[in-house]
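Tertiary structure, described
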Amino acid sequence: MFLTVLVPGPTNPKGKIDVFLQPLIAELKSLWGVGVQTYDISKRKNFHMRAALMWTINDFPAYSMMFGWSTTGMLACPHCMEDSDAFRLIKSGKQSWFDNHRKFLPMNHPYRHNTKDFIKNRKVTKQFLGVRSGDAILQDLNNRGLRKVIDVDAEVVNAAISKTCGWNKRSIFWDLPYWREHLPRHNLDVMHIEKNVFDNIFNTVFNIPGKTKDTYKSRDELNKYCRRPQFAQNLVTNGYASNLGRCVDANKLKMFGMKSHDCHVFMQRLLPISLREFLPNRIWESITEISLFFKQLTSSSLTDEELRNLDEQIPVILCNLEKIFPPSFFDSMEHLPVHLAYEARIAGPIHYRWMYPPERYLRKIKHKIMNKAQVDGSISIGYIMDEAAKFASFYFKEGDPTLPLKEKRNEVYLDDIVDDDMFEIFKPPGKAIGAEGKRYLADNEYTAAHLYVLMNCPEVQPFIDVFVTEKRKQFPNLNDEAVNVVTEQEFPSWFEKYVHNHMARGRGRGSKLPGRTSSGRGSKASGMPNPSRGSGVDETPQQTEEVVNVPQQQHQQTDPHHGPEIVMNDQETWEGEEGEDGDVGESSSEHPTDETLPIAQFDPTIDNP
């Protein structure tokens, strides 16, 4: 859901957004308890629909607005809550999440007893208590007496309670009867977390003035918390940062205009490569590990085993970064990755839960602003017009002719009318990738395309089985892998010869075609049964040598899907004629009907003489 009329600014509702969410919550409760009659455009009929809200997708500041837990300060993590070990730095006064990740490690991990690279003389024996359940959170809210923002005395009561905990309100989402059962209820935004982690690493390693976290003040604070005299002066060896700066911008040592997706690509693809020759191996390996973590986490397909490994690796990765960077480097954004693998295990791939799709849509509706003096009104009217046009297009058979037909990303549309005579492999529609162009296929490309069609066409599968059976009889010692190789290399030519041989047997010599018998649809001119009937009765006709004369005005037509089609005229008289061996066949007592001879109707299991 997009609240397009709520434009950020001085009057941003922030925590009072629940006032605007009341109609949505009322509809969601009705959809869950009562349901609604809905029209299914694909089946063109009504059905009774019930719906539930799975989760919200928002950036980290909006997380507080939705959940009611403050995302600033030393209790900013909505998963750790009061179990956070963040502290305030003495000189700078900033919150630091340094040495906040050893509690996620196994109890026998050596980092738990390291008193040098982390906070001085500190051993960690506690464990992360885990994410709270919905019932535990709801009980905590009730015990503290937090109010919804729509209550009369909510502002005064919630302000007093928020001074002693991280809660600032009771979210209106708890009114949904199923909300306590959901995990997760609000998603951590991987897009902005990845960008912020990249910015901190990039600005610090590149030593960008005004943005680096490695300053003289932070080094002074580092020595107060850790025993790392080797980092008393510079994070990296002299000359590395300046060289990297010249690689980026020879004048200002900065990179400008990097958006979230630019940081996403740089973080996962370019950062490990660009730093390989400039940083010591220990530092480069730690940065590469966090880069690979985000790369694996944002993969299109994930297994439970992979996510469990990521969940075990990320605390070690963050601890390795803590051994390199000063405490001022670690804010809440450097802590949140420790919970991302857990959320992916619960909710699935990241692509359905990060902010890229909403950001793209926000960019779309921003283009509807025609009057900058009335931004919210322009967005609302433009959105309503789009919805009305889309609704009206359902009454057109082919959609609204005034709107361009543009398929959405990664969506496939099947036509309502499908040709039953078309091979299965050609029924799913396809579309070009990139700019349109024409060129001739190379021999290897043509061979690969030919092989792909044959191997993925269900109508050809019986012939593949026959070919494999023959090869296994000819070479009994072939294993499955060798059979696959032989099939890819030899089946296309074998299939071509096989079909041509049966076609030649069916046609006879010149214009003479094998005669037909009167045994019905199961028999063809080739003397082979129709495999589509599937009956257990042997429908193989008698092998006659009867031939017929085809009138000259009749001709053969070729169907691109069914091979040669033989057209006969019912009004012509069929006479017996001398066959190949000198015998004379009998004339048929019935006029034959027009029938076709498709390739798919050959029975590969019968080899006629």
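Residues numbered from 1 in each chain as written. Predicted model: local features only at pLDDT ≥ 70, side-chain atom pairs only at ≥ 80, totals over all residues. Heavy atoms only, no water.

Summing up its helical and strand segments, the protein has 17 helices and 10 strands in all. Counting every position in the protein, which comprises 609 residues, the buried fraction comes to 39%. Long-range pairs, those at least 24 residues apart, make up 64% of the contacts in the protein between residues at least 6 apart in sequence. In the form shown here, the protein has an accessible surface area of approximately 36,400 Å², with 52% of it arising from carbon and sulfur atoms. (Helix = DSSP H or I, 4+ residues; strand = E, 2+ residues; numbered from the N terminus. Buried < 20%, exposed > 50% of the residue type's maximum accessible area, 1.4 Å probe, protein only. Contact = heavy atoms within 4.5 Å. Areas by Shrake-Rupley, 256 points an atom, 1.4 Å probe, with all protein chains shown as cover.)

Our next topic: the nonpolar core. Residues Trp167, Phe173, Ile201, Ile287, Ile290 and Phe294 are the most contacted members of the largest nonpolar core, which totals 83 residues. Broken down by element, the residue count for this core peaks at 8 residues, all from helix α5 (residues 190-205). With residues near it in sequence (within four places) discarded, isoleucine 290 still touches Val197, Ile201, Met267, Ile314, Ile317 and Leu321. (Core = buried A, V, L, I, M, F, W, Y, C linked by side-chain atoms within 4.5 Å.)

Turning our eyes to something else, we now look at the pairing of strand β1 (residues 36-40). Two elements, β1 and strand β2 (residues 45-49), share 5 bridges in a ladder whose sense is antiparallel. Bridged to tyrosine 39 within β2 is asparagine 46. The turn joining β1 and β2, which pair antiparallel and follow one another in sequence, is formed by 4 residues; a positive phi near 55° is taken by arginine 44. (Pairing = 2+ DSSP bridges.)

So, about the side chain of threonine 298. Within the element layout of this structure, threonine 298 appears in the loop between α9 (281-297) and α10 (304-322). Using a relative accessible area of 8% as the deciding quantity, one classes threonine 298 as buried. Within the local environment of threonine 298, its side chain forms a polar contact with the side chain of glutamine 268, the two groups lying 3.1 Å apart. (Polar contact = N/O pair within 3.5 Å; in protein donor to acceptor, adjacent residues only side chain to side chain.)

Further remarks concern the packing of α5 against α9. Where α5 contacts α9, the two axes come as close as 12 Å, and the packing angle between them is 160°. Comparing the axis directions of α5 and α9 gives the class roughly antiparallel. With respect to the hand of their crossing, α5 and α9 are arranged in left-handed fashion. Counting all contacts with α5, which are made through Val190, Ile193, Glu194, Val197, Ile201 and Val205, the residues of α9 involved are Ile287, Ile290, Phe294 and Leu297. For the contact of α5 with α9, the per-class residue count stands at 9 nonpolar, no polar and 1 charged. (Axes fitted to C-alpha atoms, helices over the stretch in contact; angles between N-to-C directions. Parallel < 35°, antiparallel > 145°, perpendicular 65-115°, else oblique. Left-handed = near helix turned anticlockwise from the far one by under 90°. Nonpolar A, V, L, I, M, F, W, Y, C, P; charged D, E, K, R; others polar.)

At their nearest, the axes of α9 and α10 sit 9 Å apart, and the two run at 150° to each other. Viewed along their axes, α9 and α10 adopt a mutual orientation that is roughly antiparallel. In this structure, α9 meets α10 at a crossing whose hand is left-handed. Along the contact surface, α9 presents Ser286, Ile287, Glu289, Ile290, Phe293, Gln296 and Leu297, while α10 presents Leu310, Ile314, Ile317, Asn320 and Leu321.

Below, the discussion takes up the packing of aromatic side chains. Two numbers describe a pair of aromatic rings. These are the distance of the centres and the angle of the planes. Evaluation of the coordinates by the stated rule reveals 25 aromatic pairs. Pairing phenylalanine 67 with tryptophan 167 gives two aromatic rings, centres 5.2 Å apart and planes at 65°, and the pair type is edge-to-face. Here the residue phenylalanine 67 occupies a position in helix α2 (residues 60-67), and tryptophan 167 occupies one in the loop between α4 (154-161) and β6 (186-187), the gap between them amounting to 100 residues. With a centroid separation of 4.8 Å and 40° between ring planes, the pair formed by phenylalanine 104 and phenylalanine 128 is classed as tilted. (Phe/Tyr/Trp six-rings, centres within 6.5 Å; stacked < 30°, edge-to-face > 60°.)

Turning our eyes to something else, we now look at a nonpolar patch on the surface. Where nonpolar side chains cluster on the molecular surface, the patch consists of Tyr39, Ile41, Phe391, Phe394, Tyr395 and Phe396 and spans about 670 Å² of accessible area. Inspection of the secondary structure puts tyrosine 39 in strand β1. A relative accessible area of 46% places tyrosine 39 in the partly exposed class. (Patch = residues over 30% accessible without salt bridge, like charges linked within 9 Å, V, L, I, M, F, W, Y side chains within 5 Å. Salt bridge = Lys/Arg side-chain N within 4 Å of Asp/Glu carboxyl O.)

In terms of backbone geometry, most residues other than glycine have negative phi values and most peptide bonds are trans. The linkage connecting leucine 183 with the following residue, proline 184, adopts the cis geometry, with an omega of -10°. In this model, arginine 44 sits at a positive phi of 55°, which is unusual for a non-glycine residue. For arginine 44, the location among the structural elements is in the loop between β1 and β2. Phi is positive for methionine 81, close to 55°, though the residue is something other than glycine. Assignment of secondary structure puts methionine 81 in the loop between α2 and β4 (87-88).

Here we come to the pattern of salt bridges. A complete count under the given rule lists 23 salt bridges for this structure. Between aspartate 135 and arginine 180 there is a salt bridge; the shortest N-O distance is 3.4 Å. With a gap of 45 residues between them, aspartate 135 in helix α3 (residues 134-144) and arginine 180 in the loop between α4 and β6 connect regions that are remote in the sequence. For arginine 180, a relative accessible area of 37% translates into the label partly exposed. Salt-bridge contacts for glutamate 343 lead to arginine 353; the nearest nitrogen and oxygen are separated by 3.8 Å. Residue glutamate 343 is found in helix α12 (residues 340-347), and its partner arginine 353 is found in the loop between α12 and α13 (356-366); the two are separated by 10 residues along the sequence. One continuous salt-bridge network, built from bridges that share partners, spans Glu82, Arg132, Asp140 and Arg144.

Turning our attention to helix α8 (residues 260-275). Along its length, α8 shows its largest kink, about 50°, at methionine 267. Taken residue by residue, α8 has Ser260, Cys263, His264, Phe266, Met267, Gln268, Leu271, Pro272 and Leu275 as its buried positions. (Bend = angle between axes of the 7 residues up to and from the residue.)

For lysine 368, the position within the fold is in the loop between α13 and α14 (375-393). Separated by 12 residues in sequence, lysine 368 and serine 380 have C-alpha atoms that sit 8.9 Å apart. Engagement of the side chain of lysine 368 in a polar contact is seen with the side chain of aspartate 386, the distance being 2.4 Å.

Moving on, we come to the side chain of lysine 368. Residue classification places lysine 368 among the buried positions, given a relative accessible area of 19%. For lysine 368, the residues in contact, after removing those within four places along its chain, are Ser378, Gly382, Tyr383 and Asp386.

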